[in-house]
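Each chain is listed here by its residues.
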Amino acid sequence: MNYMSGHKLYYHLDRLVEWKKDNNVSPVYAEIGPTSLCNHRCLMCGYEHLGHKNESLEYGRMMELVEELHQSGINSIVFAGDGEPLLNKATIPSIERATQLGVDCGLSTNGFLLDEKKAAILAGSLKWIRFSINGGNNKEYSLVHRTSEKAFDTVINNLGMLGQLKSERGHNITIGVQCVMLPENMDSISELADIAKDSGADYFIVKPFYPVEKISYRSGEIHSDAIELLRHKLKGMTDDNFSADIRLLELESNSGKRVYKKCYGIDFIVIITSTGDVYSCLPHIGDERFKFGNIHENCFPEIWSGKRKKDVKEFIDSLNKNSCQPNCRNHRINEFLWDLKHPHMHKNFI
């Protein structure tokens, strides 16, 4: 199974029908950043420019937000953001409440703060959890995450603990491991893939590093032979119970000229930061031009139906979409929705 490519909008036909009528539909997916604090300082962190300031969503407001998102028709919530979500004590109660309301939940984490109590709750509440592990041994992990070498052992033990919990109790949680491919960790990624599989993960994904202006880190070159060897190794590990892959082809297909002139995907995805700001997409967090509002000033339904959101969408529509970064979260969705709005002249010849 390919866990992280393409899009799944075709499973939401009712929402698509309303959207095609130009109605203000509710998003399918929301991402909440519970805190900007992080216990690691990864070399290639995409949020480095935000400074990891001491910003966190307060317990009561975060629980209210989950209720508001549910009432707005949100189908899924991912707890991620520019910090480590488990540093906010409201994250797990919020996941529990969202699950009780019937909202699917996912969690992106470095895994260091997981313990038996948290793992038991998350295994029974989450649809998926994704560990960010960027090194296959103590030395390379410490180099990339800029933390102690012992932290690697803690994270791997926590991954195995969750895998064992899933196996013993029959939970349906999908456990994933994601690694960003860098010269600093390339020699140990193969080893990490073996660890992930042995620990009970369902998938292992390797992502290429994509440099953006806001990030100070610049990756050196990785020889194509090394990438091909890794690809071959991962392909051989894939079976009925485990998937492993490098997402190179998806990035390449996302890098060409774009046929769509509007970013329709922002109607279905919303980002809420640790400061309560509501944004159209991740790469523009911190840029007021892309901000819909703030949940400390208005409730989410008011923001989503407000004039400010309409104005921001009009501004985004005015931009050249080929200037957006290649690994755009909305790219596949935009291709699909542009085709729906601008159907082929021979559409009936199926």
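These figures come from a predicted structure and were not determined experimentally.

Enquirer: Teacher, can you tell me more about the nonpolar core here?
Expert: Side chains of a nonpolar character, in soluble globular proteins, are inclined to be buried together. Core analysis: the biggest nonpolar cluster contains 101 residues, and Phe-131, Ile-133 and Phe-204 have the highest contact counts within it. The leading source of residues in this core is helix H6 (residues 150–169), at 8 residues. Ignoring anything within four residues of it in the chain, the contact list for Ile-133 reads Tyr-141, His-145, Phe-152, Val-155, Ile-156, Leu-159, Val-177, Gln-178, Cys-179 and Leu-192.

Enquirer: Sorry if this is basic, but what is going on with the layout of surface pockets here?
Expert: Counted as a void, the second largest pocket has a volume near 420 Å³. Around the second largest pocket sit 19 residues that line it, and Asp-22, Asp-267, Lys-309, Lys-313 and Asp-317 are the ones nearest its centre. Per-element accounting of the lining of the second largest pocket gives the leading share, 5 residues, to helix H11 (residues 307–317). Here the residues of the lining of the second largest pocket are counted per class, giving 6 nonpolar, 4 polar and 9 charged.

Enquirer: Looking at this structure, how should I read the side chain of Ser-188?
Expert: Its place among the elements puts Ser-188 in the loop between strand S5 (174–181) and helix H7 (189–198). Take Ser-188: its relative accessible area is 0%, and that puts it in the buried class. Setting aside chain neighbours within four positions, we find Ser-188 in contact with Gly-135, Gly-136, Asn-137 and Glu-140.

Enquirer: Got a minute to help me understand the environment of Ser-167 in this structure?
Expert: Inspection of the secondary structure assignment puts Ser-167 in helix H6. Sequence spacing of Ser-167 and Gly-200 is 33 residues, and the spatial spacing of their C-alpha atoms is 8.0 Å.

Enquirer: Help me understand the pattern of salt bridges in this model?
Expert: When charged atoms on two side chains of opposite charge get close, those side chains can pair. For the coordinates displayed, the defined rule picks out 14 salt bridges. Across the pair Glu-68 and Arg-61 runs a salt bridge whose closest N-O atoms are separated by 3.1 Å. Of the two residues, Glu-68 and Arg-61, neither departs from the other in class, the shared state being buried. Residue Lys-291 is joined to Glu-288 by a salt bridge in which the shortest nitrogen-to-oxygen separation is 3.2 Å. A residue is classified by how much of its surface remains accessible, and Lys-291, at 15% relative accessible area, is buried. A residue is classified by how much of its surface remains accessible, and Glu-288, at 45% relative accessible area, is partly exposed. Here the residues in one salt-bridge network are Arg-61, Glu-64 and Glu-68, joined through shared partners.

Enquirer: I would appreciate a short explanation of the packing of helix H1 (residues 13–20) against helix H12 (residues 331–341) in the present structure.
Expert: How two helices pack is summed up by the angle between their axes together with the distance between the axes. Put simply, H1 and H12 touch, their axes get as near as 11 Å, and they point 55 degrees apart. Classified by the interaxial angle, the pair formed by H1 and H12 is oblique. Taken as a pair, H1 and H12 cross one another with a handedness that is right-handed. Contact residues: H1 offers Leu-16, Trp-19 and Lys-20, while H12 offers Phe-336, Leu-337, Leu-340 and Lys-341. Looking at the contact of H1 with H12 residue by residue, the classes come out as 5 nonpolar, no polar and 2 charged.

Enquirer: Would you mind going over the packing of aromatic side chains with me for this structure?
Expert: Each aromatic ring pair is characterised by the separation of its centres together with the angle its planes make. In this structure the tally under the stated criterion is 10 aromatic pairs. When the ring of Tyr-10 is compared with that of Tyr-11, the centres are 5.1 Å apart and the planes differ by 55 degrees; the resulting orientation is tilted. Between the aromatic rings of Trp-19 and Phe-268, the centroid separation amounts to 6.0 Å while the plane-to-plane angle is 55 degrees, which identifies the pairing as tilted. Separated by 249 residues along the polypeptide, Trp-19 in helix H1 and Phe-268 in the loop between helix H9 (248–253) and strand S8 (269–272) bring together distant segments of the chain. Of the two residues, Trp-19 and Phe-268, neither departs from the other in class, the shared state being buried. Here the basic side chain of Lys-309 rests over the ring of Trp-304, its NZ or CZ set 4.1 Å away from the ring centre. Positioned above the aromatic ring of Tyr-29 is the side chain of Arg-329, whose terminal nitrogen or guanidinium carbon lies 5.0 Å from the ring centre.

Enquirer: Whenever I open this one, a nonpolar patch on the surface confuses me. Can you help?
Expert: On the surface, Tyr-10, Tyr-11 and Leu-13 cluster together into a nonpolar patch covering about 390 Å² of accessible area. Structurally, Tyr-10 is set in the segment before H1.

Enquirer: Honestly, the side chain of Arg-258 in this entry has me stumped. Any pointers?
Expert: Looking at the element boundaries, Arg-258 is found in the loop between H9 and S8. Although Arg-258 is buried, it forms no salt bridge, and the closest oppositely charged side chain is Glu-335 at an N-O distance of 7.3 Å. A distance of 2.9 Å separates a polar atom in the side chain of Arg-258 from the backbone oxygen of Lys-321. Within polar-contact distance, the side chain of Arg-258 engages the side chain of His-331 at 3.5 Å. Contacts of Arg-258, omitting those with residues within four sequence positions, involve Lys-321, Asn-322, Cys-324, Gln-325, Pro-326, Cys-328 and His-331.

Enquirer: Sorry, what's going on with the pairing of strand S7 (residues 243–246) here?
Expert: The side chains of a regular strand alternate between the sheet's two faces. Summarising the sheet, strand S6 (residues 203–208) and S7 pair through 4 bridges and their orientation is parallel. If you follow Tyr-203 over to S7, its bridge partner there is Ser-243. Where the polypeptide runs from S6 across helix H8 (residues 224–237) and back to S7, its parallel neighbour, the crossover connection is right-handed.

The rules behind the values
- Numbers given to residues run from 1 along each chain, matching the order in which its sequence is written.
- With pLDDT at 70 or above as the cut-off, local features in this predicted model cover only qualifying residues; side-chain atom pairs require 80 or more to be listed or tallied, and sums for whole chains, interfaces and linings still use all residues.
- Side-chain calculation: all heavy atoms of the structure are included, whereas hydrogens and water are not.
- For our purposes a nonpolar core is just a set of buried Ala, Val, Leu, Ile, Met, Phe, Trp, Tyr and Cys residues, chained together by side-chain atoms within 4.5 Å.
- Burial classes: relative accessible area under 20% of the type maximum marks a residue as buried, over 50% as exposed, and values in between as partly exposed (1.4 Å probe, protein chains only).
- Helical segments are the DSSP runs of H or I of at least four residues, strand segments are the runs of E of at least two, and each set is numbered from the N terminus.
- Only heavy atoms matter for contacts: two residues are in contact if any of them lie within 4.5 Å across the pair.
- The rule is simple: put a 1 Å grid over the protein atoms alone, call a set of points where a 1.4 Å probe fits but cannot get out a cavity, call an open set with protein on both sides within 12 Å along at least five of seven lines a pocket, and count a residue as lining if it has an atom within 4 Å of a point.
- Grid points are joined across faces, edges and corners, and a volume is the space filled by probe spheres set on the points.
- In the scheme used here, Gly and all other residues not listed as nonpolar or charged are polar, with Ala, Val, Leu, Ile, Met, Phe, Trp, Tyr, Cys and Pro taken as nonpolar and Asp, Glu, Lys and Arg as charged.
- The term salt bridge refers to a side-chain nitrogen of Lys or Arg lying within 4 Å of a carboxyl oxygen of Asp or Glu.
- For helices, the fitted line uses only the C-alpha atoms of the stretch in contact; every axis is such a line through C-alpha atoms, and the angle between N-to-C directions lies from 0 to 180 degrees.
- By definition in this entry, angles of less than 35 degrees are roughly parallel, angles greater than 145 are roughly antiparallel, angles of 65 to 115 are roughly perpendicular, and the rest are oblique.
- In this scheme, a crossing is called left-handed if the near helix is turned counterclockwise away from the far one by less than a right angle; it is called right-handed if the turn is clockwise.
- What counts as a ring pair is set by centres within 6.5 Å for rings of Phe, Tyr and Trp (its six-membered ring), and what kind of pair is set by the plane angle: stacked under 30 degrees, edge-to-face over 60, tilted for all other angles.
- When the NZ atom of lysine or the CZ atom of arginine is within 6 Å of a ring's centre and also within 35 degrees of its normal, the charge is said to sit over that ring.
- Residues forming no salt bridge and having over 30% relative accessible area are the ones grouped into patches, like charges within 9 Å of each other and nonpolar side chains (Val, Leu, Ile, Met, Phe, Trp, Tyr) within 5 Å.
- With residues, only the protein chains shown are counted as cover, and all accessible areas are computed by Shrake-Rupley using a 1.4 Å probe.
- His residues and chain termini do not enter the charge count, which takes Lys and Arg as positive and Asp and Glu as negative.
- Polar contact is defined as a pair of N or O atoms within 3.5 Å, subject to the rule that within protein one atom must be able to donate a hydrogen and the other to accept it, and that residues adjacent in sequence are counted only when both atoms are side-chain atoms.
- Criterion used throughout: strands pair if DSSP finds at least two bridges between them.
- Call a crossover right-handed when, viewed with both strands pointing away from you, the route from the first strand across the helix to the second goes clockwise.

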